[in-house]
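Per-entry structural report
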Amino acid sequence: MTTAISTLRTGHVGLNVTDLDRSLAFYRDALDFRVLGEGKEQDRRFAFLGQDGELVLTLWQQADGVYAPTAAGLHHLAFSAGTIEQVRAYEARLRDLGVAFAYEGVVAHREGAASGGIFFHDPDGTRLEISVPAGAEGAPAPVESAPTCGFF
């Protein structure tokens, strides 16, 4: 007898952070996430973040150092926007907040691609992306031999 298996999709992503208050401010102010739940015990702090009531991200204050790009685990976290104009609006907001970008402005996912977006870092150095599947035509591709979201 065969059991039917449904298609999986990402439910939410959990990130270890060094300072929950700082990370909460970043994800709230920069990316419009809202706190859906929070643990406030001094040695067990965490927050569930979402949009439109749906859990998207959990933050766990248990890291003792910043993100290490060469360590196994999370490579980057990508969010999808509806339009390239929305990506550019996030870019402007992030610049106003002094956020560090991996590349200058909107970039294509690869040379000649219609898809693309912005790449930046959270307060602990985790690489983030906001992109769209189309609308980035003509944007530069900063890496010729690999996908833009690839090696760093």
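Placed above this text is the structure.
Predicted model only: the values in this text are computed from it and were never measured.

**Topic: the overall build of the chain**
- Across its full length, the chain carries two helices and eight strands.
- Taken over the C-alpha atoms alone, the chain extends approximately 55 × 50 × 35 Å along its principal axes.
- Counting over 152 residues, the chain shows a buried share of 39%.
- Taking contacts inside the chain between residues at least 6 apart in sequence as the whole, the part at least 24 apart equals 53%.
- When the accessible surface of the chain is split by element, carbon and sulfur atoms take 51% of a total near 9100 Å².
- Charge-centre separation for the chain: the mean point of 12 positive side chains lies 3 Å from the mean point of 20 negative side chains.

**Details of the sheet that holds strand β4 (residues 54-61)**
- Reading across from one edge, β1-β4-β3-β2 is the order of the four strands in this open sheet, with mixed pairing throughout. The open sheet terminates on both sides in strands that have one partner only, identified here as β1 (13-17) and β2 (34-41). Going from strand to strand, the sheet's axes swing by 15 degrees on average, the running direction of each strand aside.
- Pairing geometry for strand β3 (residues 44-51) and β4, over six bridges, is antiparallel.

**Details of the environment of Ala113**
- Structurally, Ala113 can be placed in the loop between β6 (107-108) and β7 (116-121).
- C-alpha separation for the pair Ala113 and Ile5, spaced 108 residues apart in sequence, amounts to 34 Å.
- Not counting residues up to four positions away in its chain, the partners in contact with Ala113 are Ala108, Ala136 and Glu137.

Conventions we followed
Position numbers for residues count from 1 along each chain, tracking the sequence in the order it is written. Under the rules for a predicted model, residues below a pLDDT of 70 receive no local features and side-chain atom pairs below 80 are neither given nor counted, while totals for whole chains, interfaces and linings still include all residues. As a rule here, side-chain values cover all heavy atoms of the structure and leave hydrogens and water aside. A helix here means a DSSP run of H or I that spans at least four residues, while a strand means a run of E at least two residues long, and both kinds are numbered starting from the N terminus. Buried residues are those whose accessible area, probed at 1.4 Å on protein chains only, stays under 20% of the maximum for their type, while exposed residues exceed 50% and partly exposed ones sit between those limits. Pairs of residues are marked as contacts when any of their non-hydrogen atoms sit within 4.5 Å. Where accessible areas are quoted, they stem from the Shrake-Rupley method and a 1.4 Å probe; at the residue level, only the protein chains shown are allowed to cover. Positive charge is attributed to Lys and Arg, negative charge to Asp and Glu, and no charge count is given to His or to the chain ends. All charge positions are set by atom: Lys at NZ, Arg at CZ, Asp at CG, Glu at CD. Two strands pair under a simple rule: DSSP has to find at least two bridges between them. Every axis corresponds to a line fitted to the C-alpha atoms, with the helix fit spanning only the stretch in contact, and the corresponding angles, defined between N-to-C directions, vary from 0 to 180 degrees.

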